Amino acid sequence: MSKPIVHILALESSCDDTSAAVLRATVDDEVPQVLSLSVQSQNLVHQKYGGVVPELASRAHLANLIPCIRKALEEAKCDLSDIDFLSATQQPGLLGCLLIGHTAAKTLSLLKGIPFVSCHHIHSHLLSVFIEHRPAFPFLAAVVSGGHTSLYLMRDFEDFEEVGVAIDDAMGEAFDKGAKLLGLGFPGGPELDALALRGDSRRYSFGKVRTPGLRFSFSGLKSEFVRIVNREGTNLHREDLAASYQSALCDHLFEKIELGLRDFGVDRLALVGGVARNSEIRRRLETARLKGLINQWHAPSPQYCTDNAAMVGVLGFRKWKRSEFSDFSSDVYATSRPPRKKAS
Ligand code: KG4
Ligand code: ZN
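Just so we're clear, the structure is a prediction, and the values are computed from it rather than from any experiment.

**Student:** Quick rundown of the layout of surface pockets? Include the residues and the values.
**Tutor:** Taken as a whole, the largest pocket encloses approximately 1,200 Å³ of empty space. Lining the largest pocket we find 43 residues, and of these D16, S145, G146, D176 and P187 sit closest to its centre. Taken together, the elements giving at least two residues each to the lining of the largest pocket come down to β3 (33-41), α4 (121-127), α5 (171-181) and α6 (188-196). If one sorts the elements of the lining of the largest pocket by residue count, α5 sits on top with seven residues. When grouped by side-chain class, the residues that make up the lining of the largest pocket number 13 nonpolar, 21 polar and nine charged.

Rendered as structure tokens:
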């Protein structure tokens, strides 16, 4: 007899990407299959400010969310009556932005009488690797995004631990700020990546970042970047600076990754989050594999690296399997908060 199938509608609105996805799974699956993913970027809204403006981001989510949901349902050839449960990002992120997606999930839940689960944005990124790959546990996962840089030891889908974290700027933030100083577009990471392809990374030297253990710090490299720009003035070679800076950021990331792999005795690695799209990072991962430092590495394809609702559907499914539903009193949080204990 065939196993019952569930359909999930997932929503993501933690920062500046509005996204909806439909996923399908049989109840025994470990990970659901993505049927559709719709993402509406807000780059045009924020680019003239050179960064995300929270109030404008919330308003754009309001305008974009329903068209995104419609598109995701249409592409999946579903309608709301096919959906068995909803999954939405609850934390961390911009409060006004989180509220849009999370409240939409609550509203649909109320109207359709279907349950909803609330998801942690970083944990969704962590599980994004399972959309297309099946890394064997245990493995080390690096979350590199615009707001976060951390290392996690993944022992199982639900058994993971943050073992390293940035003490100041996230890696994506360092990319974005460097790009802004070079007058590149928003978000700057992909543009700096493209510019660096045409540069010589040996031209400008950056000091080695010295932080204890598995702590990341990218703000010193950013300050050195500013000093070089001021020192060089009109002699500045932009492509070479982009390449040198990107290389210094990657040196720091990979030093900590290698330390983490050694500390925990694992040889498999996953890289997730927007910055995992970076071409230098992907080149270095392959070099590390060829050198035998890593046995296997996995990174999602680009649309699952940057913020997307498909990853929220994957985490939502794992929570649904354990009946971790939210109720209508559930709130959103700007920072990471432990799940509330049920009253006994
Ligand atoms: O995961 P994400 O979409 O949002 C957060 O949760 O923060 O990551 C966005 C970040 C931005 O900082 C963006 O510049 C960076 O990912 N990014 C890149 C590249 N593509 C996106 N950074 C470096 N190279 C890229 N190719
Ligand atoms: Zn993110």
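**Student:** Explain the packing of helix α7 (residues 219-232) against helix α8 (residues 238-264) residue by residue, including any values.
**Tutor:** For the pair α7 and α8, the least separation of the axes is 11 Å and the interaxial angle reads 165°. By the angle class used here, α7 and α8 are roughly antiparallel. Judged by the sense of rotation from one axis to the other, the crossing of α7 with α8 is right-handed. Across the interface between the two elements, L221, K222, F225, I228 and V229 of α7 pack against L241, Y245, A248 and L249 of α8. Split by residue class, the contact of α7 with α8 holds eight nonpolar, no polar and one charged.

**Student:** Give me the site of ligand 1: which residues, what numbers.
**Tutor:** In the vicinity of ligand 1, 20 residues are found, and the nearest of them are G146, D176, D193, G274 and D307. H125 has a polar side-chain atom sitting 3.3 Å from an oxygen atom of ligand 1. A distance of 2.9 Å separates a nitrogen atom of ligand 1 from a polar side-chain atom of D193. Comparing atom positions with the cavity grids shows ligand 1 to sit within the largest pocket. Sorting the residues of the shell around ligand 1 by element identifies α4, α5 and α6 as the ones contributing at least two each.

**Student:** Can you break down the coordination of the zinc ion (ligand 2) residue by residue, with the values?
**Tutor:** Taken together, H121 (NE2), H125 (NE2) and D307 (OD) make up the protein donors of the zinc ion (ligand 2), found 2.1 Å from the metal. Relative to the metal, the four donor atoms surrounding the zinc ion (ligand 2) lie at angles of 94 to 140°, and the coordination shape comes out irregular. Counting gaps between the donor residues of the zinc ion (ligand 2) yields the pattern H-x3-H-x181-D. With H121 and H125 both in helix α4 and four residues apart, the pair spans about one turn of that helix. The two residues H121 and H125 agree in class, both being buried.

**Student:** Now, about the sheet that holds β3: what can you tell me, with residues and values included?
**Tutor:** Taking strand neighbours across the sheet as the criterion, the five strands line up as β3-β2-β1-β4-β5 in an open arrangement whose pairing is mixed. Among the strands making up the open sheet, the edge pair consists of β3 and β5 (116-120). When the angles between neighbouring strand axes are averaged without regard to direction, this sheet yields 20°. Judged from the eight bridges that link them, strand β1 (residues 5-12) and strand β2 (residues 17-26) form a sheet pairing that is antiparallel. Along β2, the bridge assignment pairs I8 with L23. Each of β1, β2 and β3 touches helix α2 (residues 54-75); the most contacted strand, β2, lies at about 30° to it. In this fold helix α3 (residues 95-112) packs onto β1, β4 (85-91) and β5, with an angle of close to 155° to the strand it touches most, β4.

Rules used throughout
Residues numbered from 1 in each chain as written. Chains lettered and ligands numbered in written order. Predicted model: local features only at pLDDT ≥ 70, side-chain atom pairs only at ≥ 80, totals over all residues. Heavy atoms only, no water. 1 Å grid on protein atoms, 1.4 Å probe; cavity = no way out; pocket = protein on both sides within 12 Å on 5 of 7 lines; lining within 4 Å. Points joined across faces, edges and corners; volume = space filled by probe spheres on them. Helix = DSSP H or I, 4+ residues; strand = E, 2+ residues; numbered from the N terminus. Nonpolar A, V, L, I, M, F, W, Y, C, P; charged D, E, K, R; others polar. Axes fitted to C-alpha atoms, helices over the stretch in contact; angles between N-to-C directions. Parallel < 35°, antiparallel > 145°, perpendicular 65-115°, else oblique. Left-handed = near helix turned anticlockwise from the far one by under 90°. Contact = heavy atoms within 4.5 Å. Near = heavy atom within 4 Å. Polar contact = N/O pair within 3.5 Å; in protein donor to acceptor, adjacent residues only side chain to side chain. Sits in = over half its atoms within 2 Å of the grid points. Donors = N, O, S within 2.8 Å, 3.2 Å for Na, K, Ca; no water. Tetrahedral: all angles 85-135°; square planar, octahedral: opposite > 155°, others 65-115°. Buried < 20%, exposed > 50% of the residue type's maximum accessible area, 1.4 Å probe, protein only. Pairing = 2+ DSSP bridges.

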